[in-house]
Amino acid sequence: MSEVTQATTSRRIFIDKQTPQSYGAMRDAAETIRGAAADAGLDRVLVELVNLRVSQINACAYCLHVHTRAALRAGEDPQRLGVLPAWRDTEVFTLRERAALALAEATTTPADTAAADEAYAGAREVLSDDEISAVIWVAITINAFNRVSIMSKHPVRPLPGQ
């Protein structure tokens, strides 16, 4: 790492700690959205798949660390986590999961309007209005958390015993 890069990195502030009221509001919103997702019928595994896929697209190491552990705690299979970046090329995800993943990707990369329209149309075929809304809100929320962690450069350290 160059001196300039190291100096810039060491001066980064954790914006969640610097402005805790704002971060608290985000956490409260995330809790509300998790509740809405559950009320809509989205299980925790599907929510974590969305969180992970969005975090992969955004290359947010910290959120990938947090949500991989959350997905495993929710009962997700390590094989599915391993192939998540190539989910379209596998047979391990259900139609509902595939629709949610496509919609989450479209929410994360909205400039690709053709892909967004295709993802939305696909979601309409297998997800209810409440589920579509919940998936979009989950994706919006994790996108925001990704930006907090990326801009703060939240570290990912080895777990104890590694």
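Before reading on, note that the structure itself is shown above.
### With respect to unusual backbone geometry
Link 1 in the chain: Positive phi outside glycine occurs at Ala-59, with the angle close to 55 degrees.
Link 2 in the chain: You can see Ala-59 is positioned in the loop between helix H4 (44-58) and helix H5 (61-73).
Link 3 in the chain: The class of Ala-59 is exposed, set by a relative accessible area of 58%.
Link 4 in the chain: Its identity is not glycine, yet Lys-153 carries a phi of approximately 55 degrees, on the positive side.

### Some words on the pattern of salt bridges
Link 1 in the chain: A full pass over the atoms with the stated rule returns nine salt bridges.
Link 2 in the chain: Across the pair Arg-44 and Glu-48 runs a salt bridge whose closest N-O atoms are separated by 2.8 Å. In this pair, Arg-44 and Glu-48 are both assigned in helix H4, four residues apart and thus about one turn of the helix distant.
Link 3 in the chain: Assessed through its relative accessible area of 42%, Arg-44 is described here as partly exposed.
Link 4 in the chain: A residue is classified by how much of its surface remains accessible, and Glu-48, at 0% relative accessible area, is buried.
Link 5 in the chain: A salt bridge links Arg-80 to Glu-97; the nearest nitrogen and oxygen atoms lie 2.7 Å apart. Of the two residues, Arg-80 sits in helix H6 (residues 78-83) while Glu-97 sits in helix H7 (residues 95-108), which places them 17 residues apart along the sequence.
Link 6 in the chain: Residue class for Glu-97 comes out buried when judged on its relative accessible area of 11%.

About the cut-offs
For every chain, the first residue of its written sequence is number 1, and the numbers climb from 1 along that sequence. Predicted model: local features are reported for residues with pLDDT of at least 70 only, side-chain atom pairs are reported and counted for 80 or more only, and whole-chain, interface and lining totals are derived from all residues. Computation of side-chain values covers all heavy atoms of the structure but excludes hydrogens and water. Helix and strand assignments follow DSSP, with helices taken as H or I runs no shorter than four residues and strands as E runs no shorter than two, numbered in order from the N terminus. Per-residue accessibility, obtained with a 1.4 Å probe over protein chains only, is compared with the maximum for each type, and a residue is labelled buried under 20%, exposed over 50%, and partly exposed between these values. Here, a salt bridge means any side-chain nitrogen of Lys or Arg that lies within 4 Å of a carboxyl oxygen of Asp or Glu.

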